[in-house]
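Descriptive analysis of the structure
Single-letter residue listing:
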2 protein chains.
Amino acid sequence: MNIREIAKKADVSIATVSRVLNNSENVSSSTREKVLEILKKYEFEMDPWAKRLASKRNVTHVFIMVSRRILRFLDLKGKEFYSVVVNGIQNAANMNRSVTKIVEMETNLDEEKLKGVDGVLLVGGDTTAEHVRFFKKIGMPLVLVDQYIPTVKVDCVVSNGYDGASYAVKYLISQHFKKIVHIHGFLNHFGFKDRYNGYVATMEQNNLLPKDYEYNDEVMEDMKPLMDKMFNIYGVPEAIFASNDSIAMKVIETLMSFHIKVPEDVSVIGFDGIEKGKHFTPSLSTLKVPMHEMGSLALKRLIDIVYNQDVYPVKISLFTEFIKRGSSI
Amino acid sequence: MNIREIAKKADVSIATVSRVLNNSENVSSSTREKVLEILKKYEFEMDPWAKRLASKRNVTHVFIMVSRRILRFLDLKGKEFYSVVVNGIQNAANMNRSVTKIVEMETNLDEEKLKGVDGVLLVGGDTTAEHVRFFKKIGMPLVLVDQYIPTVKVDCVVSNGYDGASYAVKYLISQHFKKIVHIHGFLNHFGFKDRYNGYVATMEQNNLLPKDYEYNDEVMEDMKPLMDKMFNIYGVPEAIFASNDSIAMKVIETLMSFHIKVPEDVSVIGFDGIEKGKHFTPSLSTLKVPMHEMGSLALKRLIDIVYNQDVYPVKISLFTEFIKRGSSI
DNA sequence: TTTCTTTTTGTAACCGCTTACATAATAACA
DNA sequence: TGTTATTATGTAAGCGGTTACAAAAAGAAA
């Protein structure tokens, strides 16, 4: 059953059926009724791929919105986390006749600026429930990237931090470590919280005492005071699992400044798998999240929403992959 | 850049390009080389939608595999959980020129039986890591439905039990309840575990003592002993959050046999949103999971994998919706 | 009633790919 | 070398929609 058959049954042209299907203006109410009836009678559902293919002539306009904080560090040619993610988005956009524009995610959002925009990707951990509510209110298709807000039902693409962290901890335990510390960023960022939860749960499941320290990775200030505190209260750990690669590298630098050797004295594992960690000394063990894929999945999901009006939002989480390198045993 | 342009550059017909792209046999190695070169030069990627549309003539064969336990209760016209899920699969299959076949998920799997099968959906909480490994080994595209196995990286579609449970608990707390008990099925089923985790975490976050009882929902034996135990040790709770609707209804029946009124004395909330709960007395408050959507999402994901060879597996979780009915205040 | 607008409908080309079938080139054989 | 079998390539018709444009119908104005 396709649009042509429907057209025949309703005794109109396929163009008219298409118009009805797309709520186009220029259809008389009588024919609309007639077509709608046939449509209902045969429970017609449109082939989404045909639709997509045919409507490829119109490009989809999508805004990639990032917070000022991230925007400042966004180098589209670089290999940093969000650079790669945005690259993934743009790549997928290419394949989907979509044009993207990178826009700062402001606090006072303005409907005017969204004229002609078909969908929005909110990238990064700074996205708030307020943002989401704004876009939902105006009915703008929306996907969060690398952020999840449990209290708001909205599509999102994230990495599976919980299981990644869990894997890291289990790995360290398998190396006979017991004193495993977690150093993390602000826990109001979902990504960090998720990894933290995975760390804590896995430690507890193995009857080990979780011990964590929070480090403000945005300002990248000196980590020595934190380490001092840790050494005094907790002693020197056998292994450190960090929230992300930047923190992990900072950890290693700081340990070295205390003349503690990595990985001989302490094993360090990061998270994200950014390029920089590969060339760091010692090269960084990490949980690699498929950043590029994260971006492209988000764009594809957005397109799905824009074109198929998928009603049920989903949370898509990407598996991470453990990469053992020089910073850990 | 499309197949026609490539054809022009390589000075061959589009059919030939298509053949190269699909590793078809009948292409001389010289032309294949030539085309491959152009393809690489222009970094050509095929439009997946066009491909799908054009190859609609070949149907995709998918096996819907369910455990014997579930198969026994599977009534395709019914409204039970897995019936609706399978319905969702079949519906989506219709839209995707796929033919499905329901097959029992055996323990001793046989490669022979999978001749001509393009992909497999493993439905239900009985799917094990062994099953998954078998299919991965033979390179069979695979999606788990309503099951997640953290230790194996494989695509899956599940409901977000954690946040659903969390929502339920928060709701009950907002009604000024403090003594909130959780009655759940076997926790080696991911779905139950996930909901359990959400319950425990949310109770603790609100400084309430989590209290849970396990009930074997498969045999549906008498729940009175369990209740007796609960009343003796814990007293009568103010609210009970159950792992799923079946258990919730069993709970209500049992409470009634103790002359405890629902919802006046105890509020009860289930999970799943099966049809039966709507017509139960009192009608069941529940967290509705979009079962139909779960099925169709799984099929669509499978098709994506079969046709686009998506390499990174993802976990897709569906949001649940709280439906307040008569069994809770 | 005629003419000019405006609205409604239909026709046909196109989206980017696959593939049945026809044709050309090559290989095999007598 | 001529004939036939085999393999390589091309042509063109779809797949199921959208939409520019043309044509017809309906309304408004003269």
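Not measured: the values here are computed from a predicted model.

Definitions and cut-offs
Residues numbered from 1 in each chain as written. Chains lettered and ligands numbered in written order. Predicted model: local features only at pLDDT ≥ 70, side-chain atom pairs only at ≥ 80, totals over all residues. Heavy atoms only, no water. Helix = DSSP H or I, 4+ residues; strand = E, 2+ residues; numbered from the N terminus. Contact = heavy atoms within 4.5 Å. Buried area = accessible area lost by both parts, 1.4 Å probe. Salt bridge = Lys/Arg side-chain N within 4 Å of Asp/Glu carboxyl O. Polar contact = N/O pair within 3.5 Å; in protein donor to acceptor, adjacent residues only side chain to side chain. Nonpolar A, V, L, I, M, F, W, Y, C, P; charged D, E, K, R; others polar. Pairing = 2+ DSSP bridges. Domains from an automatic or database assignment. Near = heavy atom within 4 Å. Axes fitted to C-alpha atoms, helices over the stretch in contact; angles between N-to-C directions. Buried < 20%, exposed > 50% of the residue type's maximum accessible area, 1.4 Å probe, protein only. Core = buried A, V, L, I, M, F, W, Y, C linked by side-chain atoms within 4.5 Å. Least-squares fit on C-alpha atoms with pLDDT ≥ 70 in both. Arc of directions from axis to C-beta.

Our focus in this paragraph is the environment of Thr-100 of chain A. Residues and elements named next belong to chain A. Position of Thr-100 relative to the elements: it lies in strand S2 (residues 98-104). For the pair Thr-100 and His-61, spaced 39 residues apart in sequence, the C-alpha separation works out to 6.1 Å. Residue contacts for Thr-100: discarding those within four places in its chain leaves Val-62, Ile-64, Ile-89, Gln-90, Ala-93 and Leu-299.

On the chain B side, the residues contacting the 34 residues of chain A number 34 residues. Taken over both partners, the interface formed by chain A and chain B buries close to 3,100 Å², and the fraction arising from carbon and sulfur atoms is 61%. Of all residues in chain A, Trp-49, Met-95 and Phe-319 of chain A bury the most surface against chain B, accounting for 26% of the area lost on that side. Applying the counting criterion to the chain A and chain B interface returns 0 salt bridges. The interface formed by chain A and chain B holds 8 residue pairs in polar contact (both at pLDDT 80 or more) in total. Contributing elements (two or more residues each) for the side of chain A that touches chain B: helix H4 (48-54), helix H13 (291-308) and strand S11 (314-318) of chain A. Class assignment for the residues of the side of chain A that touches chain B results in 18 nonpolar, 4 polar and 12 charged. As judged from the 5 bridges shared by S11 of chain A and strand S11 (residues 314-318) of chain B, these two strands associate in the antiparallel manner.

The next subject is the domain arrangement of chain A. Residue and element names in this part refer to chain A. In terms of domains, chain A is made up of domain 1 (3-46), domain 2 (58-159 + 292-319) and domain 3 (161-288). Computed from C-alpha coordinates alone, the two centres of domain 2 and domain 3 are separated by 29 Å. Taken together, the contacts link 12 residues of domain 2 with 11 residues of domain 3. Summed over both partners, the interface of domain 2 with domain 3 buries about 950 Å², with 53% contributed by carbon and sulfur atoms. The tally of links from domain 2 across to domain 3 stands at 0 salt bridges.

Attention now moves to the protein's contact with DNA strand C. Around DNA strand C, a shell composed of 31 residues is seen, among which Ser-13, Arg-19 and Arg-97 of chain A together with Ile-3 and Ser-18 of chain B lie nearest. Atoms of DNA strand C within 4 Å of the protein: sugar and phosphate make up 57%, bases the balance. Contacts to DNA strand C include Thr-16 of chain A, whose side-chain N or O atom sits 3.0 Å from a phosphate oxygen. Ile-3 of chain B places a main-chain nitrogen or oxygen 2.5 Å from a phosphate oxygen of DNA strand C. Looking at side-chain class alone, the surface near DNA strand C contains 13 nonpolar, 10 polar and 8 charged residues.

Taken in spatial order, the 12 strands make up an open sheet running S2(A)-S1(A)-S3(A)-S4(A)-S5(A)-S11(A)-S11(B)-S5(B)-S4(B)-S3(B)-S1(B)-S2(B), and their pairing is mixed. With one partner strand each, in any of the chains shown, S2 of chain A together with strand S2 (98-104) of chain B form the two edges of the open sheet. If you compare each strand with its neighbour and ignore which way they point, the axes differ by 20° on average.

All names here are of chain B. As for its position among the elements, Asp-272 is in strand S9 (residues 267-272). You can call Asp-272 buried: its relative accessible area is 9%. Setting aside residues up to four positions removed in sequence, Asp-272 forms contacts with Phe-81, Arg-195, Asn-244, Asp-245, Thr-286, Leu-287, Lys-288, Val-289 and Met-291.

Turning our eyes to something else, we now look at the nonpolar core. In this structure, Ile-183, Ile-240 and Leu-255 of chain A together with Ile-183, Ile-240 and Leu-255 of chain B are the most contacted members of the largest nonpolar core, which totals 147 residues. Those residues in contact with Leu-255 of chain A, other than ones at most four positions away along the chain, are Met-227, Phe-231, Ile-240, Ile-260, Val-262, Val-266 and Val-268 of chain A.

After a rotation of 180° and a shift along the axis of 0.2 Å, chain A superposes on chain B with an RMSD of 0.4 Å. Taken together, the rotation angle and the small translation identify this as a two-fold axis.

Okay, helix H1 (residues 3-10) of chain B next. Residue and element names in this part refer to chain B. Within the span of H1, buried status applies to Ile-6, Ala-7 and Ala-10. Taken end-on, H1 shows its buried residues confined to a sector of 100°, consistent with a single buried face. In H1, the exposed positions that point more than 90 degrees away from the buried face belong to Arg-4 and Lys-8. Packed against the buried residues of H1 are helix H2 (14-21) and helix H3 (29-41). Where H1 ends, the next residue or the one after it, Asp-11, has phi of about 60°, a positive value.

Residues and elements named next belong to chain A. Of the two faces of strand S5 (residues 156-159), the one lined by Cys-156 and Val-158 and the one lined by Val-157 and Ser-159 are each fully buried. Examined bridge by bridge, strand S4 (residues 142-145) and S5 share 2 bridges and lie parallel to one another. Each residue of the ladder has a partner; that of Val-145, found in S5, is Val-157. Strand direction decides the pairing type here: S5 and S11, joined by 4 bridges, are parallel. Bridge pairing in S11 links Val-157 to Ile-316.

Take the sheet that holds strand S7 (residues 211-214) of chain B next. All names here are of chain B. Judged by pairing direction, the sheet is mixed, and its 6 strands sit side by side in the order S7-S6-S8-S9-S10-S12 without closing on themselves. With partners counted over all chains shown, the strands left at the sheet margins are S7 and strand S12 (321-323), one partner each. Put simply, the sheet's adjacent strands are angled 20° from each other on average, direction ignored. The strands that helix H8 (residues 161-174) touches are strand S6 (180-184), strand S8 (239-242), S9, strand S10 (285-288) and S12; relative to S9, the one it contacts most, it runs at about 165°. Packed on one face of the sheet, helix H11 (residues 245-257) meets S6, S8, S9 and S10 and runs near 155° to S9.

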